[in-house]
Amino acid sequence: QVQLVESGGGLVHIGDSLKLSCAASGRTLSSYAMGWFRQAPGKEREFVATISGAGRYTHYSDSVKGRFTISRDNAKNTVYLQMSSLKPEDTAVYYCAAGWLNSVSASDYNYWGQGTQVTVSS
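Residues numbered from 1 in each chain as written. Predicted model: local features only at pLDDT ≥ 70, side-chain atom pairs only at ≥ 80, totals over all residues. Heavy atoms only, no water.

Draft legend 1. Expanded view of the side chain of T50. Note on placement: T50 falls in strand β5 (residues 46-51). Of the residues examined, T50 reaches a relative accessible area of 0% and is grouped as buried. Within the structure, T50 has its side chain in polar contact with the backbone oxygen of M34 (distance 2.9 Å). Those residues in contact with T50 that sit more than four places away from it in its chain are M34, G35, Y57, T58, H59, I70, N102, S103 and Y109. (Helix = DSSP H or I, 4+ residues; strand = E, 2+ residues; numbered from the N terminus. Buried < 20%, exposed > 50% of the residue type's maximum accessible area, 1.4 Å probe, protein only. Polar contact = N/O pair within 3.5 Å; in protein donor to acceptor, adjacent residues only side chain to side chain. Contact = heavy atoms within 4.5 Å.)

Draft legend 2. Layout of the sheet that holds strand β3 (residues 18-25). The 4 strands lie next to each other as β1-β3-β8-β7, forming an open sheet whose pairing is antiparallel. Each edge of the sheet is formed by a strand with only one pairing partner; in this case those strands are β1 (3-7) and β7 (68-73). On average, each strand axis in the sheet is tilted by 15 degrees relative to the strand beside it, whichever way the strands run. Where β1 and β3 come together, 5 bridges link them in antiparallel fashion. Looking at β3, one finds that Q3 is bridged to S25. (Pairing = 2+ DSSP bridges. Axes fitted to C-alpha atoms, helices over the stretch in contact; angles between N-to-C directions.)

Draft legend 3. Broad picture of the packing of aromatic side chains. This structure, assessed with the given rule, holds 7 aromatic pairs. Each ring, one from F37 and one from Y109, has its centre 5.3 Å from the other, and the planes form 75 degrees; the classification is edge-to-face. Here the residue F37 occupies a position in strand β4 (residues 33-39), and Y109 occupies one in strand β10 (residues 109-112), the gap between them amounting to 72 residues. For F37, a relative accessible area of 1% translates into the label buried. (Phe/Tyr/Trp six-rings, centres within 6.5 Å; stacked < 30°, edge-to-face > 60°.)

Draft legend 4. Main features of the side chain of S61. When you line up the elements, S61 lands in the loop between β6 (58-60) and β7. Beyond its immediate chain neighbours, meaning those up to four positions away, S61 contacts F47 and V48.

Draft legend 5. View of unusual backbone geometry. Look at N77: it is not a glycine, yet its phi comes out positive at around 55 degrees. Within the secondary structure layout, N77 lies in the loop between β7 and β8 (78-83). You will see that S85, though not glycine, has its phi angle at about 50 degrees, which is positive. With a relative accessible area of 41%, S85 lands in the partly exposed category.

Structure follows, in structure tokens:
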């Protein structure tokens, strides 16, 4: 069992940067592929980024590629999402998830955090 807690969300302006953290407890995070997803009001949850257990493989959605960076510190049992050049369309609740596959599908992840709100204001 893995418990995930996101933090770092907030209200920012267009072009600002923000760094989200996802702290894990219960099991060693290095055993898991990790993903970040987001869900805007009235929309389905969408894939943002994923990183392999050792951090050597990463993959991003086209909408965030070049602006967001996923990373992890297994010694701290924490995964990060560095977001830059933020746009209003990035506004959403951001969730981290743990699973066995580096997948873009939410159904492939077994554990989820409660989410953290990111709002990009114009």
